[in-house]
Amino acid sequence: MADECFRHPRLAAIYDPLDPDRSDLDAYVRMAEEFEAHRVLDIGCGTGVFALLLAERGIEVVGVDPAEASIEVAERKPGSEAVRWIRGDVSALPPLQVDLVTMTANVAQAIVDQRIWHETLWRAYESLRPGGRLLFETRDPARRAWEEWNREESHCVAEIRDVGTVESWVEVTDVSWPLVTFRWTYVVAPDGQVLTSDSTLRFRERKEVESDLIAHGYVIDDVRDAPDRPGREFVFVARSPEAG
């Protein structure tokens, strides 16, 4: 089940304007080019920001996400016809043979159920051509990122076209290791509607992720640092073995 901020139509519509700086995706675009990816599967594509960045570069993209409202936002964007959008989780994927599978931002950590996590790794593996790569990020648990998720540090007031003023902030509501749950609150003007979205992320240790990847047949090519958050995240580059 997608979080409310992705599946509620009003929240999905303001998701991008509330987070307009997506320079974190620049590194993923560069890596897609580095790996000479011509076909990409973007798992958890959300409102389609990354998928469309790739499509602009002539890359064939399949974007999959269970949040109907987010996919609808993606489909209204310029150039969206170049992307194949799929509503659902990885179980909805058709047979594919892509060069690269991606899970950007919080996608990997948002898969908190271990059964679904393993199914996602397996489905990604099945979707790769021999030698294709899986690319995703996850926060280093040792950096305790959730300690910065509070109203004081996150409070924001934004003016959004055709919407008005939106006030937002985040607060942690529970830490039951390795799960961290937090709540985003949005106050939308001019009607003053208050909307909330609860999210839970799973913090996996590097060795745990590496073991999971190996168990599903991947070869781990690299574990990189996140350029936009150095020392705070692991960026995993895993590969499907070459045929023969």
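Here we summarise the structure given alongside this text.

### Details of the pairing of strand E4 (residues 98–103)
Phase 1: With respect to burial, E4 is a largely interior element, six of its six residues being buried.
Phase 2: Examined bridge by bridge, strand E1 (residues 39–43) and E4 share three bridges and lie parallel to one another. Bridging from a neighbouring strand, aspartate 42 pairs with threonine 102 of E4.
Phase 3: The pairing of E4 with strand E5 (residues 128–139) spans five bridges and is parallel. Residue pairing across strands places threonine 102 opposite leucine 135, the latter belonging to E5.

### As for the sheet that holds strand E7 (residues 164–176)
Phase 1: Taken in spatial order, the four strands make up an open sheet running E6-E7-E8-E9, and their pairing is antiparallel. Strand pairing shows two members of the sheet lacking a second neighbour, strand E6 (156–160) and strand E9 (193–202), which therefore form its edges. Ignoring which end each strand starts from, the neighbouring axes of this sheet average 25° apart.
Phase 2: Pairing of E6 with E7 involves five bridges; the strand directions are antiparallel. Counterpart to alanine 158 in the pairing with E7 is valine 166.

### Things to note about the packing of aromatic side chains
Phase 1: Under the criterion given, the structure shown has twelve aromatic pairs.
Phase 2: Geometrically, the ring pair formed by tyrosine 125 and tyrosine 218 is edge-to-face, given 5.1 Å between the ring centres and 90° between the ring planes. Taken together, the residues span a long stretch of sequence, with tyrosine 125 in helix H7 (residues 114–127) and tyrosine 218 in the loop between helix H9 (206–215) and strand E10 (219–225) at a distance of 93 residues.
Phase 3: When the centroid spacing of 6.2 Å and the interplanar angle of 25° are considered together, the rings of tryptophan 184 and tyrosine 186 count as stacked.
Phase 4: A residue is classified by how much of its surface remains accessible, and tryptophan 184, at 26% relative accessible area, is partly exposed.
Phase 5: We classify tyrosine 186 as buried; its relative accessible area is 7%.

### Things to note about the sheet that holds strand E11 (residues 233–239)
Phase 1: Sheet architecture is open: seven strands sit in the order E3-E2-E1-E4-E5-E11-E10, paired in mixed fashion. Two strands bound the open sheet, and with one partner strand each, they are strand E3 (83–87) and E10. Within this sheet the neighbouring strands show an average axis-to-axis angle of 15°, counted without direction.
Phase 2: With seven bridges joining them, E5 and E11 adopt antiparallel strand pairing. Within the sheet, the bridge partner assigned to arginine 139 lies in E11 and is glutamate 233.
Phase 3: Set on the sheet, helix H4 (residues 49–56) makes contact with E1, strand E2 (60–65), E3 and E4; between it and E3 the angle comes to about 155°.

### A few points about the packing of H7 against H9
Phase 1: Direction vectors running N to C along H7 and H9 enclose 55°, while the axes themselves pass 10 Å from each other. Considering their axes alone, H7 and H9 lie oblique with respect to each other. Remark: the crossing between H7 and H9 carries right-handed chirality. Residue-level contacts link Gln114, Trp117, His118 and Leu121 of H7 to Glu208, Asp212 and Leu213 of H9.
Phase 2: In terms of residue class, the contact of H7 with H9 is built from three nonpolar, two polar and two charged.

### Focus on the pattern of salt bridges
Phase 1: All told, the structure shown has 22 salt bridges when counted by the stated rule.
Phase 2: Taking the shortest distance from any N to any O, the salt bridge between arginine 239 and aspartate 221 comes out at 3.0 Å. Highlighted residues: arginine 239 in strand E11 and aspartate 221 in strand E10, separated in sequence by 18 residues.
Phase 3: Accessibility expressed as a relative area gives 34% for aspartate 221, which makes it partly exposed.
Phase 4: A single network of salt bridges, built from pairs that share partners, joins Glu137, Asp228, Arg229 and Glu233.

The rules behind these values
Residues numbered from 1 in each chain as written. Predicted model: local features only at pLDDT ≥ 70, side-chain atom pairs only at ≥ 80, totals over all residues. Heavy atoms only, no water. Buried < 20%, exposed > 50% of the residue type's maximum accessible area, 1.4 Å probe, protein only. Helix = DSSP H or I, 4+ residues; strand = E, 2+ residues; numbered from the N terminus. Pairing = 2+ DSSP bridges. Axes fitted to C-alpha atoms, helices over the stretch in contact; angles between N-to-C directions. Phe/Tyr/Trp six-rings, centres within 6.5 Å; stacked < 30°, edge-to-face > 60°. Contact = heavy atoms within 4.5 Å. Parallel < 35°, antiparallel > 145°, perpendicular 65-115°, else oblique. Left-handed = near helix turned anticlockwise from the far one by under 90°. Nonpolar A, V, L, I, M, F, W, Y, C, P; charged D, E, K, R; others polar. Salt bridge = Lys/Arg side-chain N within 4 Å of Asp/Glu carboxyl O.

Function cannot be inferred from these measures alone, as they are strictly geometric.
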